[in-house]
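Now for the letters of each chain:
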Amino acid sequence: MPEAVTEGETAVAPRRFAALHNRDCRPYLFGAALSMMGDNIEHVITYWVLWQKFHSPALTGFEVISHWLPFLFFSVWFGGLADRYDCRRVIQAAQGLFMLVSAAWGVLILTGSLQIWEACLLLVLHGVAGSLWGPGEQLMLHDFVGPSELPSAVRLNATFRSLGVLFGPVVGSALLLGLGPTAGIFVNVAFYLPLTFFLFRTRFTGHTRDGAVVRPRVGALASIRVIREVGADRTLVSMIVLGGLASFFVGASLQSAMPVFAHDLGASGAGTAYGVLLFANGAGGVLGGIVLEATGWIRPSVAAAVVSTAVFGATSLFFAISTSYPLALLMLVVGGVANLAAMSIGQTVVQLLAPAADRGRVVGVFGMSVNGLRAGSGFTVGLLGAAIGVHWSLGLSSAALCLGTAVAGWYALRAPREARRSHDDGAAT
């Protein structure tokens, strides 16, 4: 059961790298990193094939939208599945869908029969697999380590996923160049297998620590009920809003806009500048996870989530207006640390406060905001950037994130002390 928390913080600091000491959580983290690498390898190969075959800017935009919209539409319902059923099987279903999509890409590329409608369908199914995976994964992490070491598990899971995101494009490019797109996409299926096989071995189901909890059936009414209950909880609302603000205003736009910034910063070579900026953007998340886990500097609390989100907004703003390449690199690294801290803190607080019977749905609401609203950054930075320039659009979006964070922080922290203490008592039962 969750231990008592004070002002939204966990009461007992866990061991450093606690999740890696857990014999069930440790292999899950490595398997999840490989699966996330496979996710990104597929992007590298299929996006290249689609551009070579169709040269369609509209399809390029759809690639981003199709990846994130399933999180917006299905996260709460998939959270209901995780609440109701064995999370091992839910995650395996997601991994199976990932593998099926990769194999389907391989067959269509091999036969030369790929059409736009088929590509769109596979892109959507890939996004559905990711949104199906998310809630079940968070319940498994809670089940592996329990509430006292949950911050470590969430933070390290985010770190290992960041490693997959960081090295997936490198491995994907190597497969594309070394084996070609057809063989490369078939090889990619293997990256999903370790996690799939591990889930047959572990005894944890995502629910073993909850005891005899009555779980509602999966359905729209149950999902609506949970959304209403979340809306009445000031702390949960603030965590969900903070994550959504960061995703909507900045989200995935930094990566897509990076070629423009690499060119405008005028480093010695545009290609090298681009690669280093991308690496710094991903490395910040990995470095942040390792440093925060090793030092325990930041405890999961509402105040820490607010400050971390504000730092992410500020660094994005300074990156947008910077004319110095070294300063831009520094802002990306610091921003990556802050973003990982904000998201992992928000995820932890949400899980600790969620009722056991509805934990998956509450996590789904958080995922709907944090992941689903990433599609919005294509409008706030991408489309707006086409009209006024990417530097201006990212700068204005980052300023809006800072302002929104201040409002959300005020909303969360102005709650009476007694109300926040009641949250602590609820998390302890």
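In this report, we go over the structure that sits alongside the text. (Residues numbered from 1 in each chain as written. Predicted model: local features only at pLDDT ≥ 70, side-chain atom pairs only at ≥ 80, totals over all residues. Heavy atoms only, no water.)

This brings us to the side chain of Glu293. By secondary structure assignment, the location of Glu293 is in helix α11 (residues 270-295). Using a relative accessible area of 2% as the deciding quantity, one classes Glu293 as buried. Residues within four places of Glu293 in sequence aside, it is in contact with Arg15, Arg16, Phe17, Ala18, Ser152, Arg155 and Leu156. (Helix = DSSP H or I, 4+ residues; strand = E, 2+ residues; numbered from the N terminus. Buried < 20%, exposed > 50% of the residue type's maximum accessible area, 1.4 Å probe, protein only. Contact = heavy atoms within 4.5 Å.)

Tracing the backbone shows Pro181 in helix α6 (residues 180-188). Sequence separation of Pro181 and Trp105 is 76 residues, and the distance between their C-alpha atoms is 9.5 Å. Discounting residues that sit within four places of it in the chain, Pro181 has contacts with Ile45, Trp48, Val49 and Leu176.

Taken as a whole and assessed by the stated rule, the structure comprises 11 aromatic pairs. Considering the side-chain rings of Trp68 and Phe71, the 5.5 Å spacing of their centres and the 40° angle between planes classify their relative orientation as tilted. Of this pair, Trp68 and Phe71 both sit in helix α2 (residues 57-84), 3 residues apart, roughly one helical turn. The same class applies to Trp68 as to Phe71, namely buried. Clustering of aromatic rings is evident, with ring pairs tying together Tyr28, Phe144, Phe198 and Phe204. (Phe/Tyr/Trp six-rings, centres within 6.5 Å; stacked < 30°, edge-to-face > 60°.)

What follows is about helix α12 (residues 302-321). Here α12 is 20 residues long and its end C-alpha atoms lie 29 Å apart, about the 28 Å a rise of 1.5 Å per residue gives. Within the span of α12, buried status applies to Val302, Ala304, Ala305, Val306, Ser308, Thr309, Phe312, Gly313, Thr315, Ser316, Phe319 and Ala320. (Expected span 1.5 Å × (residues − 1).)

Let us now look at the nonpolar core. Counting residues in hydrophobic clusters, the biggest one holds 54 residues, and the most contacted among them are Cys25, Tyr28, Trp105, Trp133 and Phe144. Taken together, the elements giving at least two residues each to this core come down to α1 (25-54), α2, α3 (87-111), α4 (116-145), α5 (150-178) and α7 (193-201). Per element, the largest residue contribution to this core is 12 residues, and it comes from α4. Residues in contact with Phe144, not counting those within four places in the same chain, are Asn22, Asp24, Cys25, Tyr28, Phe198, Thr202, Phe204 and Arg209. (Core = buried A, V, L, I, M, F, W, Y, C linked by side-chain atoms within 4.5 Å.)

Taken N-terminus to C-terminus, the directions of α5 and helix α13 (residues 325-353) make an angle of 140°; their axes are 9 Å apart at the nearest point. Our classification of the angle between α5 and α13 gives oblique. Crossing of α5 over α13 shows right-handed handedness. Touching Leu150, Pro151, Val154, Arg155, Ala158, Thr159 and Ser162 of α5 are Leu340, Ser344, Gln347, Thr348, Gln351 and Leu352, all from α13. (Axes fitted to C-alpha atoms, helices over the stretch in contact; angles between N-to-C directions. Parallel < 35°, antiparallel > 145°, perpendicular 65-115°, else oblique. Left-handed = near helix turned anticlockwise from the far one by under 90°.)

Relative to the 44 Å expected for 30 residues at 1.5 Å per residue, α1 spans 43 Å between its end C-alpha atoms, a close match to the ideal helical length. Remark: His55 follows α1 within two positions and exhibits a positive phi of approximately 45°.

Let's shift gears to the packing of α1 against α6. Here α1 crosses α6 at 160°, and the two axes come no closer than 10 Å. By the criterion of interaxial angle, the relationship of α1 to α6 is roughly antiparallel. The hand of the α1/α6 crossing is left-handed. Judged by residue contacts, Gly38, Ile41, Glu42, Ile45, Thr46, Trp48 and Val49 of α1 engage Pro181, Gly184, Ile185 and Asn188 from α6. Looking at side-chain class alone, the contact of α1 with α6 contains 6 nonpolar, 4 polar and 1 charged residues. (Nonpolar A, V, L, I, M, F, W, Y, C, P; charged D, E, K, R; others polar.)

Going through the model one piece at a time under the given rule, you end up with 5 salt bridges. With a shortest N-O distance of 3.4 Å, Arg361 and Asp83 are connected by a salt bridge. You can see Arg361 sitting in helix α14 (residues 359-370) and its partner Asp83 sitting in helix α2, a full 278 residues away along the chain. By relative accessible area, which is 0% here, Arg361 ends up buried. A salt bridge links Glu137 to Arg161; its shortest N-O distance comes to 3.0 Å. With Glu137 in helix α4 and Arg161 in helix α5, this pair connects stretches of sequence that are 24 residues apart. Here the residues in one salt-bridge network are Asp83, Asp358 and Arg361, joined through shared partners. (Salt bridge = Lys/Arg side-chain N within 4 Å of Asp/Glu carboxyl O.)

The next point concerns the side chain of Ser162. Residue placement: Ser162 occurs in helix α5. With relative accessibility at 17%, the residue Ser162 sits in the buried group. Once residues lying within four places of it in the same chain are set aside, the contact partners of Ser162 are Gly285, Val286 and Leu340.

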